[in-house]
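As a plain string of letters, each chain reads:
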Amino acid sequence: MSLRSGIERQTRRLSALAPGGFFFALHIRFALPLLHHQTYPQGWTDRYTEEAYALRDPIIAWGFSQVGTAKWSEIDIPDPFGILEQAKDFGMVYGFAVSCGEMKSRTIASAARDDREFDSSEIAEFAELIYQLHKITEPPTTLTDAQLEALRCIANGDRHAAAAAKLNISESALKARLSSARQSLLARTTAEAIQRAKDYRLL
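It should be emphasised that the depicted structure is a prediction, and the values quoted were computed from it without experimental measurement. (Residues numbered from 1 in each chain as written. Predicted model: local features only at pLDDT ≥ 70, side-chain atom pairs only at ≥ 80, totals over all residues. Heavy atoms only, no water.)

Draft legend 1. Looking closely at the packing of helix α8 (residues 171–185) against helix α9 (residues 190–199). Put simply, α8 and α9 touch, their axes get as near as 9 Å, and they point 60° apart. As far as their axial angle goes, α9 and α8 are oblique. Here the hand of the crossing between α8 and α9 comes out left-handed. Taking contact as the criterion, the partners of L178, R182 and L185 in α8 are, on α9, T190, A193, R196 and A197. Its residues assigned to classes, the contact of α8 with α9 comprises four nonpolar, one polar and two charged. (Axes fitted to C-alpha atoms, helices over the stretch in contact; angles between N-to-C directions. Helix = DSSP H or I, 4+ residues; strand = E, 2+ residues; numbered from the N terminus. Parallel < 35°, antiparallel > 145°, perpendicular 65-115°, else oblique. Left-handed = near helix turned anticlockwise from the far one by under 90°. Contact = heavy atoms within 4.5 Å. Nonpolar A, V, L, I, M, F, W, Y, C, P; charged D, E, K, R; others polar.)

So, in structure tokens, the structure goes:
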């Protein structure tokens, strides 16, 4: 099973556990996650984005101050903008948060529903899936010399043909190296792979 298909399978399992939607942000570094996904109602997502609530969200604040799990009703962090109260208008009445990983690579997730509090077994199952996602998406500490050479050429502005000639390889070999670098960095594009390699101080 590929890493991508593994992530998709875990995400489907998370969806089944969170009838009101969920989100995860994996390996938050330099204020940005390596991967993120959310299934909350679109209206709430729009409001959350427009109001820049990520900077004020008590769930995110809790996630950076604690590791483990906590029901929203147990999170004792000021919410002056009433974010959790507003979420109720979108069916997100009950929920919990999950946080794991070192501060320099923190993963934060949350799930919601409208009918009742999540029970301890549901929270534990959801949290275990998040812990697994955190583990399998651990950013690489190194890339191969071939991957780095290919990324470096593209980062310096070379087109595929020029980069392949510079490295004395075929274009298909260059594309294979770039593809493997993207897979290692969980990047969708080569530009994203280059940026992540720089962020992780690999390039």
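Draft legend 2. Main features of the pairing of strand β1 (residues 22–29). Among the eight residues that make up β1, eight are buried, leaving the element largely enclosed by the rest of the structure. Across five bridges, the pairing between β1 and strand β5 (residues 106–113) is antiparallel. Within β5, the position partnered with F24 by the bridge is A109. Between β1 and strand β2 (residues 32–38), which pair antiparallel and follow one another directly, the connecting turn spans two residues, one of which, F30, has a positive phi of 55°. (Buried < 20%, exposed > 50% of the residue type's maximum accessible area, 1.4 Å probe, protein only. Pairing = 2+ DSSP bridges.)

Draft legend 3. Geometry of the packing of helix α6 (residues 145–155) against helix α7 (residues 160–167). Interhelical geometry of α6 versus α7 gives an angle of 135° and a closest axis separation of 10 Å. Taken as axis vectors, α6 and α7 run oblique relative to one another. Considering how the two elements wind past one another, α6 and α7 form a crossing that is right-handed. Across from E149, A150, C153 and I154 in α6, the residues of α7 making contact are H160, A163, K166 and L167.

Shape is all these values report; function is a separate question.
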